[in-house]
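A look at the structure
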Number of protein chains: 2
Amino acid sequence: MPVSAPQERGDAARNRELLLDAARRLIAERGADAISMDDIAAEAGVGKGTLFRRFGSRAGLMMVLLDEDERASQQAFLFGPPPLGPDAPPLERLLAFGRERLRFAHTHYPLLSEANRDPETRYGAPAAVQRTHVRLLLETAGTTGDLDIQADALLAMLDADYVHHQLTDMGETLESLGEKWESLARKLCGK
Amino acid sequence: MPVSAPQERGDAARNRELLLDAARRLIAERGADAISMDDIAAEAGVGKGTLFRRFGSRAGLMMVLLDEDERASQQAFLFGPPPLGPDAPPLERLLAFGRERLRFAHTHYPLLSEANRDPETRYGAPAAVQRTHVRLLLETAGTTGDLDIQADALLAMLDADYVHHQLTDMGETLESLGEKWESLARKLCGK
């Protein structure tokens, strides 16, 4: 049996989960902008010192939350049940991916918008995984032409700042954006 | 004859042009990040106090420069000679627009990237004019499907941060990006 990696001590791991759960609850209730580190520590019943020791800063905590949700989203579109996951045809997966990521962009808008300010996170690991995924679905669906720019164009329409602008200033809804995205994806796939 | 609007006094207008020309020269030589307000005032032979009175701040001066170049670019694609302007067929105009705006995104990267940080400038007047223009060219070219999202997808591939990332991290050139953009535009227009 391989030697296991050093584990977090039980109470540290438990505090981490308490704090992340508390932050998620408060963000869902009030929005990310409205909550302070004090609020999160109080909600979790954990000292503020512990909160800062675990996550360094408010921005650090927010990045951990976003990272965990990105992993769950990746897990769903790479390995999850259909229509997102591998047991559905490529075009169906692509359309489900668009709708799923529109929702993700909307619910994670404050965190993603902040991450967008820094090109390293904007074009970082989650973006690269999504690019590979969409490009592969286009390819498997038999799409012609340059697939790199078609994947990038589809993904740009799921960008959090773009989605926010469409919802806030252009009178769109998640449903209408999903239909527009489907129209673009079908056109590129020739279906 | 209509009454003319109040004109800037001669010396104020002259100083404004001296300062803008000096700023353009220095940006072309050293890049926007490397120049200070002191450099610009010295290059123009104008006092630093005058520079700040005219433009308020470094950011103010940069926005004036960007705004003037955006107007010149708009003038060219709305009313200029072909292939950008109205005397060419719509697909040809669209392809010329893509190549022209890739160059614009590249040469104005620092200013546009800063403007992108603020959704009001990112989705402000120049972006709205470009959206209307591209949408109209798609329509005139007989493009099928939802034209809003196709125009937005094409424009997203001309975004300064995206272009910079492609040139800096992805091994693309303005020429190769122009070809990819052409491939996407032709596919959307069905040509």
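Residues numbered from 1 in each chain as written. Chains lettered and ligands numbered in written order. Predicted model: local features only at pLDDT ≥ 70, side-chain atom pairs only at ≥ 80, totals over all residues. Heavy atoms only, no water.

Here we take up the environment of Asp146 of chain A. With respect to the secondary-structure elements, Asp146 of chain A resides in the loop between helix H8 (125–140) and helix H9 (147–156). With residues near it in sequence (within four places) discarded, Asp146 of chain A still touches Lys180 and Ser183 of chain B. Of the polar contacts made by the side chain of Asp146 of chain A, one reaches the backbone nitrogen of Asp148 of chain A; its length is 3.0 Å. A polar contact of 3.5 Å, which involves the side chain of Asp146 of chain A, links it to the side chain of Lys180 of chain B. (Helix = DSSP H or I, 4+ residues; strand = E, 2+ residues; numbered from the N terminus. Contact = heavy atoms within 4.5 Å. Polar contact = N/O pair within 3.5 Å; in protein donor to acceptor, adjacent residues only side chain to side chain.)

Attention now moves to the relation of the copies chain B and chain A. When chain B is fitted to chain A, the best match, at an RMSD of 0.0 Å, comes from turning it 180° and sliding it 0.0 Å along the axis. Such a combination of rotation and displacement between the chain copies is what one expects of a two-fold axis. Residues of chain B ranked by C-alpha distance from the rotation axis are headed by Ala153 of chain B, positioned 2.5 Å from it. With an isologous cut-off of 70% or more, the 100% of interface residues of chain B that recur at the interface of chain A puts this contact in the isologous class. (Least-squares fit on C-alpha atoms with pLDDT ≥ 70 in both.)

All right, on to the environment of Arg186 of chain A then. All names here are of chain A. Summarising the element assignment, Arg186 is placed in helix H11 (residues 174–189). With 13 residues separating them along the chain, Arg186 and Thr173 place their C-alpha atoms 20 Å apart. Filtering out sequence-adjacent residues up to four positions away, Arg186 remains in contact with Leu91, Leu95 and Lys191.

Another aspect to go through is the interface of chain B and chain A. The interface of chain B with chain A comprises 27 residues on the first partner and 27 residues on the second. Buried surface at the junction of chain B and chain A, summed over both partners, amounts to about 2500 Å²; 58% is from carbon and sulfur atoms. The largest share of the area that chain B buries against chain A comes from Tyr123, Ile149 and Lys187 of chain B, three residues that together contribute 26% of it. The interface formed by chain B and chain A holds eight salt bridges in total. Residue Asp159 of chain A pairs with Arg122 of chain B through a salt bridge whose shortest N-O separation is 4.0 Å. The interface formed by chain B and chain A contains 16 residue pairs in polar contact (both at pLDDT 80 or more). At the level of elements, helix H9 (147–156), helix H10 (160–169) and helix H11 (174–189) of chain B are the ones that each hand at least two residues to the side of chain B that touches chain A. (Buried area = accessible area lost by both parts, 1.4 Å probe. Salt bridge = Lys/Arg side-chain N within 4 Å of Asp/Glu carboxyl O.)

What follows is about the confidence of the model for chain A. Averaged over chain A, the pLDDT score is 92; the fraction of residues at 70 or greater is 96%. The low-confidence segment residues 1–5 of chain A (pLDDT under 50) makes zero contacts with residues lying over four places distant or belonging to another chain. (pLDDT = per-residue confidence, 0-100.)

Residues and elements named next belong to chain A. Along its sequence, chain A is carved into domain 1 (9–56) and domain 2 (65–189). Computed over C-alpha atoms only, the centres of domain 1 and domain 2 are separated by 29 Å. In this complex, domain 1 contributes seven residues to the contact, which on the side of domain 2 involves four residues. Surface buried jointly by domain 1 and domain 2 totals about 500 Å² across both partners, of which 57% is contributed by carbon and sulfur atoms. The largest contributions to the domain 1 side of the interface with domain 2 come from Leu20, Arg24 and Ala32, which together make up 67% of the buried area. Along the contact surface separating domain 1 from domain 2 lie three salt bridges. (Domains from an automatic or database assignment.)

Pro83 of chain A follows Pro82 of chain A through a cis peptide bond whose omega is 5°. Topologically, Pro83 of chain A is positioned in the loop between helix H4 (58–79) and helix H5 (90–107).

A few words now on the UniProt feature "domain: HTH tetR-type" (unreviewed entry) in chain A. This chain's UniProt record puts "domain: HTH tetR-type" (unreviewed entry) on residues 13–73 of chain A. Annotated as residues 13–73 of chain A, this span is 82% helix and 0% strand, and its ends, taken at the C-alpha atoms, are 23 Å apart. (UniProt positions renumbered as here; feature names shortened; annotations may be inferred.)

Formed by 106 residues in total, the largest nonpolar core has its most connected members in Ile40 and Leu94 of chain A together with Ile40 of chain B. Residues contacting Leu94 of chain A, with those up to four places away along its chain left out, are Val134, Leu137, Leu138, Leu154, Trp181, Ala185 and Cys189 of chain A. (Core = buried A, V, L, I, M, F, W, Y, C linked by side-chain atoms within 4.5 Å. Buried < 20%, exposed > 50% of the residue type's maximum accessible area, 1.4 Å probe, protein only.)

Residue and element names in this part refer to chain B. Taking 1.5 Å per residue, 21 residues should reach 30 Å; helix H1 (residues 10–30) reaches 30 Å between its end C-alpha atoms and fits that length. Inspection of H1 places Ala12, Leu19, Leu20, Ala22, Ala23 and Leu26 among the buried residues, and these make up the whole buried set. Down the axis of H1, the smallest arc covering the buried residues is 160°, so these residues share one side. Those residues of H1 that are exposed and angled more than 90 degrees off the buried face are Arg14, Ala28 and Glu29. Where H1 ends, the next residue or the one after it, Gly31, has phi of about 90°, a positive value. (Expected span 1.5 Å × (residues − 1). Arc of directions from axis to C-beta.)

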